[in-house]
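Here is what each chain is made of, one letter per residue.
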Amino acid sequence: MPSAALARSPVPSVRAPAGAANARVNRAARVVSRAVAEDAPPAAAVRASVAEDADAKCAETKKRLVAVAAASGRGLDATAAQKASAAALVDALVAANPTPDPTTSELVNGDWELVYSDTHLFRSSPFFWGVGKMMGSTADFFYAAHSHQTGMFGGGVGRVVQSIDVAAGTLVSDCIVKASLGIPLLGFSPVFSGFGSVITKGRLEPLDGTRFSVVAETTTVRQDDTSVIPALNFLNGTTVPVEDAMKTVGGGEAGPEAFLDVTFLDDEMRISKLEDGSVFVYQRC
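This structure is a prediction, so every number in the text was calculated from the model and none was measured. (Residues numbered from 1 in each chain as written. Predicted model: local features only at pLDDT ≥ 70, side-chain atom pairs only at ≥ 80, totals over all residues. Heavy atoms only, no water.)

Engineer: What exactly am I supposed to notice about the packing of helix α5 (residues 126–135) against helix α7 (residues 242–250) here?
Structural biologist: Helix-helix packing is described using two parameters, namely the angle between the two axes and the distance between the axes. Between α5 and α7, whose axes approach to 11 Å, the crossing angle comes to 0°. In terms of orientation, α5 lies roughly parallel with respect to α7. Here F127, G130, V131 and M134 of α5 lie close against α7, whose contacting residues are V242, M246, V249 and G250. Across the contact of α5 with α7, the residue classes tally to six nonpolar, two polar and no charged. (Axes fitted to C-alpha atoms, helices over the stretch in contact; angles between N-to-C directions. Helix = DSSP H or I, 4+ residues; strand = E, 2+ residues; numbered from the N terminus. Parallel < 35°, antiparallel > 145°, perpendicular 65-115°, else oblique. Contact = heavy atoms within 4.5 Å. Nonpolar A, V, L, I, M, F, W, Y, C, P; charged D, E, K, R; others polar.)

As structure tokens, this is what we get:
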């Protein structure tokens, strides 16, 4: 064959069999996957880390909320800035609520002390929930009048505790009230003052995972400071069937039904809300 023809003849390329090429690709992929797997933390560890971060953030938010509550007299003396700060912190906790269906959780049971509210502190009692339902649009006037009356001459609301027992179907509010009597023309010092507890027992029923139905049944007056007006000691321990009284006034077969939502719940704190949006923050006693 002439040399020119040999020069023009193509040189065949040598290719590896398709199976061998695929094998090399698969081996490389396995090596990369193994390296990534060895370098990355296990999925369980990632989930645990995320949960720890969420718990830490929640704990910090609760700490900040309690600080605002303490600085504002449980919200009673809150400035506009403190109210806004508390509302934002409450919203953050509600968004991160760790307890699904809190009304059916065992965590909701027990004694809870009120540490903050954006309304009158005495409205933590189901007695005032029932009164509010009966009075409708005039309820705010009644609350303001009651607050003025109890706050005169150094009076006011002391420790407020709610005790919840879902199995027994009860919510009990124990509100310490300091009552004073004075003569405005003689100054602002009371002639006498004393303190006692107003204890209201309500009938409790979960309606769904976040809402309770509550009907106030009885209110008991406990005169803790019996030395102030000994003549009134006979009232100590007096129990009034408030549901019967409300049925008489409002008619119907049962007392007014109020609704209490649980929007945040863990082993330390509970946040609840009334139908009108009023917020109450409690810490476990």
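We are not done yet, so read on.
Engineer: Looking at this model, I keep getting lost on the environment of Q283. Mind explaining?
Structural biologist: Within the element layout of this structure, Q283 appears in strand β9 (residues 279–284). Separated by 16 residues in the primary sequence, Q283 and D267 have C-alpha atoms spaced 9.0 Å apart.

Engineer: I would appreciate a short explanation of a nonpolar patch on the surface in the present structure.
Structural biologist: A cluster of nonpolar side chains, M134, M135 and V249, forms an exposed patch at the surface whose accessible area comes to about 260 Å². By the secondary structure assignment, M134 is in helix α5. For M134, a relative accessible area of 34% puts it in the partly exposed group. (Patch = residues over 30% accessible without salt bridge, like charges linked within 9 Å, V, L, I, M, F, W, Y side chains within 5 Å. Areas by Shrake-Rupley, 256 points an atom, 1.4 Å probe, with all protein chains shown as cover. Salt bridge = Lys/Arg side-chain N within 4 Å of Asp/Glu carboxyl O. Buried < 20%, exposed > 50% of the residue type's maximum accessible area, 1.4 Å probe, protein only.)

Engineer: Could you clarify how one ought to interpret the packing of aromatic side chains in this entry?
Structural biologist: Two numbers describe a pair of aromatic rings. These are the distance of the centres and the angle of the planes. All told, the structure shown has six aromatic pairs when counted by the stated rule. Pairing F127 with F128 gives two aromatic rings, centres 5.1 Å apart and planes at 85°, and the pair type is edge-to-face. An aromatic cluster is defined as three or more aromatic residues linked by ring pairs; in this entry it consists of F122, F127, F128, F142 and Y143. Over the ring of Y282 we find R270, and its NZ or CZ is 4.2 Å from the ring centre. (Phe/Tyr/Trp six-rings, centres within 6.5 Å; stacked < 30°, edge-to-face > 60°. Lys NZ or Arg CZ within 6 Å of the ring centre and 35° of its normal.)

Engineer: Quick question: what am I supposed to make of unusual backbone geometry here?
Structural biologist: Even without being glycine, R74 reaches a positive phi, approximately 65°. Relative to the elements of secondary structure, R74 occurs in the loop between α3 (43–71) and α4 (80–95). Phi is positive for D101, close to 50°, though the residue is something other than glycine. Note on placement: D101 falls in the loop between α4 and β1 (110–117).

Engineer: What exactly am I supposed to notice about the side chain of D266 here?
Structural biologist: With respect to the helices, strands and loops of the structure, D266 is situated in the loop between β7 (258–265) and β8 (269–274). D266 gets classed as buried once you look at its relative accessible area, which sits at 9%. In this structure the side chain of D266 is engaged in a polar contact, spanning 2.6 Å, whose partner is the side chain of K62. Reaching out from D266, the side chain makes a polar contact with the backbone nitrogen of E268 at a distance of 2.8 Å. Contact partners of D266, with chain neighbours within four places excluded, come to K62, P98, T99, L107, W112 and R284. (Polar contact = N/O pair within 3.5 Å; in protein donor to acceptor, adjacent residues only side chain to side chain.)

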